[in-house]
Amino acid sequence: MTDRLSIVRENLQAVRQRIADAAGRAGRDPAGVRLVGVSKYVDAATSGLLVEAGCRALGESRPQQLWAKAAAAELAGADVEWHLIGHLQRNKVRQTLPVAALLHSVDSPRLLAAVQQAAQTLGLRARALLEVNCSGDPEKHGLAPDELEAVVASLPDFPAVQIDGLMTMAAREGGRSEAQSNFAELRELRDRVAASAPDGVTLSELSMGMSGDFEEAIAEGATLVRVGSALWDGLR
Ligand SMILES: *Cc1c(COP(=O)(O)O)cnc(C)c1O
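Residues numbered from 1 in each chain as written. Predicted model: local features only at pLDDT ≥ 70, side-chain atom pairs only at ≥ 80, totals over all residues. Heavy atoms only, no water.

Per an unreviewed UniProt entry, the chain goes by Pyridoxal phosphate homeostasis protein and derives from Posidoniimonas corsicana. Of the chain, the UniProt comment under Cofactor (unreviewed entry) reads exactly: "pyridoxal 5'-phosphate". Word for word, the UniProt comment on the chain under Sequence similarities (unreviewed entry) is "Belongs to the pyridoxal phosphate-binding protein YggS/PROSC family." (UniProt positions renumbered as here; feature names shortened; annotations may be inferred.)

Draft legend 1. How the structure looks around the side chain of aspartate 164. Among the structural elements, aspartate 164 can be located in strand β6 (residues 161-167). Excluding residues within four positions of it along the chain, aspartate 164 makes contact with Leu102, Arg127, Ala128, Leu129, Leu203, Ser204 and Glu205. (Helix = DSSP H or I, 4+ residues; strand = E, 2+ residues; numbered from the N terminus. Contact = heavy atoms within 4.5 Å.)

Draft legend 2. Representation of the UniProt feature "modified residue: N6-(pyridoxal phosphate)lysine" (unreviewed entry) in the chain. Taken from the UniProt record, the annotation "modified residue: N6-(pyridoxal phosphate)lysine" (unreviewed entry) applies to Lys40. With respect to the helices, strands and loops of the structure, lysine 40 is situated in the loop between β1 (34-38) and α2 (44-53). With residues up to four places along the chain from it excluded, the contact list for lysine 40 reads Gly59, Glu60, Ser61 and Lys69.

Draft legend 3. The pattern of salt bridges, seen in detail. On inspection of all chains with the given rule, the structure shows eleven salt bridges. In this structure, arginine 56 engages aspartate 79 in a salt bridge whose closest nitrogen and oxygen atoms are separated by 3.3 Å. Residue arginine 56 is located in the loop between α2 and β2 (57-60), and its partner aspartate 79 is located in the loop between α3 (63-71) and β3 (81-84); the two are separated by 23 residues in the primary sequence. Using a relative accessible area of 54% as the deciding quantity, one classes aspartate 79 as exposed. With a closest N to O distance of 2.8 Å, arginine 127 and aspartate 164 form a salt bridge. With a gap of 37 residues between them, arginine 127 in strand β5 (residues 126-131) and aspartate 164 in strand β6 connect regions that are remote in the sequence. For arginine 127, a relative accessible area of 32% puts it in the partly exposed group. Given the relative accessible area of 11%, aspartate 164 is considered buried. (Salt bridge = Lys/Arg side-chain N within 4 Å of Asp/Glu carboxyl O. Buried < 20%, exposed > 50% of the residue type's maximum accessible area, 1.4 Å probe, protein only.)

Structure below.
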């Protein structure tokens, strides 16, 4: 029988090496790039192997899966923080906030308002990123780039939500060079909007890059990369 933990360890080490190499090429400190291991492809027990191998942040794209994994016996007591990386429906905010350390995908003013309301009710401060649709793909969620400035200007109206930065997904088609220009656009947009943001809003986090394009994302300033497939190679 193949040792599943060893496979996950090797995959994690390979991904970390690629992160370090990409950071090195960009003249960045690798410690400035955090890996979110995307566990949506595997069950709770297998997700737990990645935590055992040393990955301390796991991402799920569906709220129900996030709730289930975070409550799973296989992950009980695990030293891990959960990230919601996919679309969040407003009727699922209340159940998600206590579980998620970071919401990567606040993609509309209505959702921002719902997060504010739920966080206030729960007596907590939600940490989140604003998702921007840089590729213009109508199938993708996210604020249009030209909507961002107004949303950021409105953040003082949402004191129970701490917006740490921005997230994007690259165009599905177009490969790595198209992805890199989407990532560059997110960074430039961040720089521009942060310059006029309300006090205390720095937008320092950029969540961008997946298995196929995280090196390009790191070259453009990613601080969080969301990697799934590359971590589960040989297991599925
Ligand atoms: C699935 C998913 C990822 C991971 O994608 P891989 O290509 O498997 O690394 C990253 N971000 C989001 C939002 C996802 O849904």
